[in-house]
Structure formats: structure tokens, C-alpha cells
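Residue-level structural notes
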Amino acid sequence: MAKSTFVYVTYIRTTPEKLWSALTDAEFMKQYWFGNHCESEWTVGSSWKNVYPDGRVTDAGEIVEADPPRRLVIRWQHQDKPELKAEGASLCTMELEPTGSAVKLSVTHTIECEPSKFIAAVSGGWPKVLSNLKSLLESGTIALQDPYPAAAAR
Amino acid sequence: MPERPDADALFKALADPSRRKLLDLLHAHDGRTLNDLCEHLDMTRQGVTQHLDLLEAANLVTTQRRGREKLHFLNPVPLQEIYERWIAKFEKPRLKALADLKRKLEQDHG
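Note that the structure is a prediction, hence the values are computed from the model and not measured.

Here we look at the sheet that holds strand β5 (residues 71-78) of chain A
Residue and element names in this part refer to chain A. What the 7 strands build is an open sheet, ordered β1-β7-β6-β5-β4-β3-β2; its pairing is antiparallel. Each of the sheet's edge strands pairs with one partner strand only, and the pair in question is β1 (4-12) and β2 (37-40). On average, each strand axis in the sheet is inclined to that of its neighbour by 25°, with strand direction left out of account. Sheet topology note: the β5/strand β6 (residues 90-99) ladder contains 6 bridges and is antiparallel. Opposite Ile 74, over in β6, you have Cys 92 as the bridge partner. Running over the sheet, helix α1 (residues 16-24) touches β1, β5, β6 and β7 (102-111) and is turned about 155° from β6.

A look at the nonpolar core
Tyr 8, Leu 19, Leu 105 and Leu 130 of chain A are the most contacted members of the largest nonpolar core, which totals 31 residues. Elements that contribute at least two residues to this core include exactly β1, α1, α2 (26-32), β5, β6, β7 and α4 (117-139) of chain A. Residues contacting Leu 130 of chain A, with those up to four places away along its chain left out, are Tyr 8, Thr 10 and Val 107 of chain A together with Val 77 of chain B. Listed in part, the 11 residues of the second largest apolar core include Ala 13, Leu 22, Val 48 and Leu 55 of chain B.

Digging into the packing of helix α2 (residues 17-28) of chain B against helix α4 (residues 45-57) of chain B
Residues and elements named next belong to chain B. It is the contact of α2 with α4, at a shortest axis distance of 10 Å, that shows an interaxial angle of 75°. As summarised for this structure, α2 and α4 are arranged roughly perpendicular, according to the angle between their axes. Residues Ser 18, Arg 19 and Leu 22 of α2 pack against His 51, Leu 52, Leu 54 and Leu 55 of α4. Taken together, the residues that form the contact of α2 with α4 break down as 4 nonpolar, 2 polar and 1 charged.

Criteria and thresholds
Residues numbered from 1 in each chain as written. Chains lettered and ligands numbered in written order. Predicted model: local features only at pLDDT ≥ 70, side-chain atom pairs only at ≥ 80, totals over all residues. Pairing = 2+ DSSP bridges. Helix = DSSP H or I, 4+ residues; strand = E, 2+ residues; numbered from the N terminus. Axes fitted to C-alpha atoms, helices over the stretch in contact; angles between N-to-C directions. Contact = placed C-beta atoms within 7 Å. Core = buried A, V, L, I, M, F, W, Y, C linked by C-beta atoms within 7 Å. Buried ≥ 20, exposed ≤ 12 C-beta atoms within 10 Å, placed from the backbone. Parallel < 35°, antiparallel > 145°, perpendicular 65-115°, else oblique. Nonpolar A, V, L, I, M, F, W, Y, C, P; charged D, E, K, R; others polar.

See below:
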């Protein structure tokens, strides 16, 4: 079956341990994920969900692999919009590799569906989230307060 | 927001029409092989490889091995950082001006 995939990479001047903690700490996550946070025990087989600031669950699934601070794989199914939920579960892999004074973070998101509305939807969000995460870890502040500044000004 | 340490490599990578075409090709369809990309460019295979290497060095393209194939993916994260560093800050006052204008006009007609 055809697949839809994206691979996003950012280099963050931090340590793998700090980055792992940033990816798994709900309170820290809210700072760079526009108020969203994920809830999980972050161990293999434990449930995982991504929660909007208002408490609605946007995505849910489970932890497939957890090898701190190197590799995290999440089975990830959208919950909120029916047409995205209908595409089934995707697989999100986060890999952390130390390179000199930085850590290379690769986020690969794949779904067994081509073309995929889910992949189109999340591929727009990830660069903003990753860019905020990089700014927050490197300088202590985030670049974008609002994911859609143009919409907020209307 | 401070300047990215690798901003020069990024802007240099974007300052070439063939490399921008490669990014457009990956935007239209991600995860392509070198052969696939060569078909769309009037250039030697070696030339395309050199352009892809430069894009990869600037982190605009990432690659994954799948069996014997090497697949190329567009990585838009550095472009998002350019947007935030160079565009969002200029856009904000203008968006505020538009929002103020809308509020004023709506009040006048309210």
C-alpha cells in the first residue's frame, strides 16, 4: 500500500537528555506546542494522547518504542476531525542524535495512505512546533505565540 | 530572535534557481529518488547530486535509506525559522493596523 511520509529535522544546541525531557514533559510542552500537551507514561505499551488547551483530545494512541534519550515511536491516530480519523493510525518516530554541540532531532511521520489529509494537516504544524522548541531550548523564549497570527488579527 | 549560525549556508542554498526547483519538486511530491529528480532537470546527474548535497548541508533536504534507494525529503523547518526571523516581525504591525481599521469601521457602522 502507498505511504505518505514527511521527515523534519532540526539541530538544537542542547543535550539529548534535556531534549528528551522537553519532548515528554507536559508542562514544558505547553510552552512550545501552542498550549497543547501530551499525556503518557512514555514506556512501551503505555497509552498516549495529545490534548488541546481546552481539554479536548486531538490525537490518541500508544508508545511503540521508547529508548530515552535516543528514540521514541508513537502510534498516533487523530480523534477530532472524522475525515482525518478515518485514515487510521500513523506512526511518529522521533530520533535524537548528538552532533558536536547540538542534537539532531528528526521527526518522521508516516501513514499507510496516499494522498493523506492527516499528513497534510500535521505537516503544516510540525515546523512551527519544532521551531518554537528550538528557540525555547536555545534562548529560553519562543518565536511564535500563536500558530496562526493572521487569523488572530482578524 | 538571533541570527541562525548557519544562516549563510541557508540563504546561499536558496540563491539558485535549480535548487529552488528541486525544493518545489519535493514540495509537490516528497520522498523522491535521485533518478526521479534528474528526470525533471535539464542537468547532469552529477550536477543534481551537487545541488542536493548543498541543500542537505543547509538542512533544507533530508534523506532516508529505504532498501537500496535513497529518498529525498523537503525539510521546511529552516524556512519556518526564516519566516519567524525575517517576515513575522514585519507582518505583525501591518496585521495590527488592519485589525484596528476593521474594529474602527465596524464601530462606525455599528
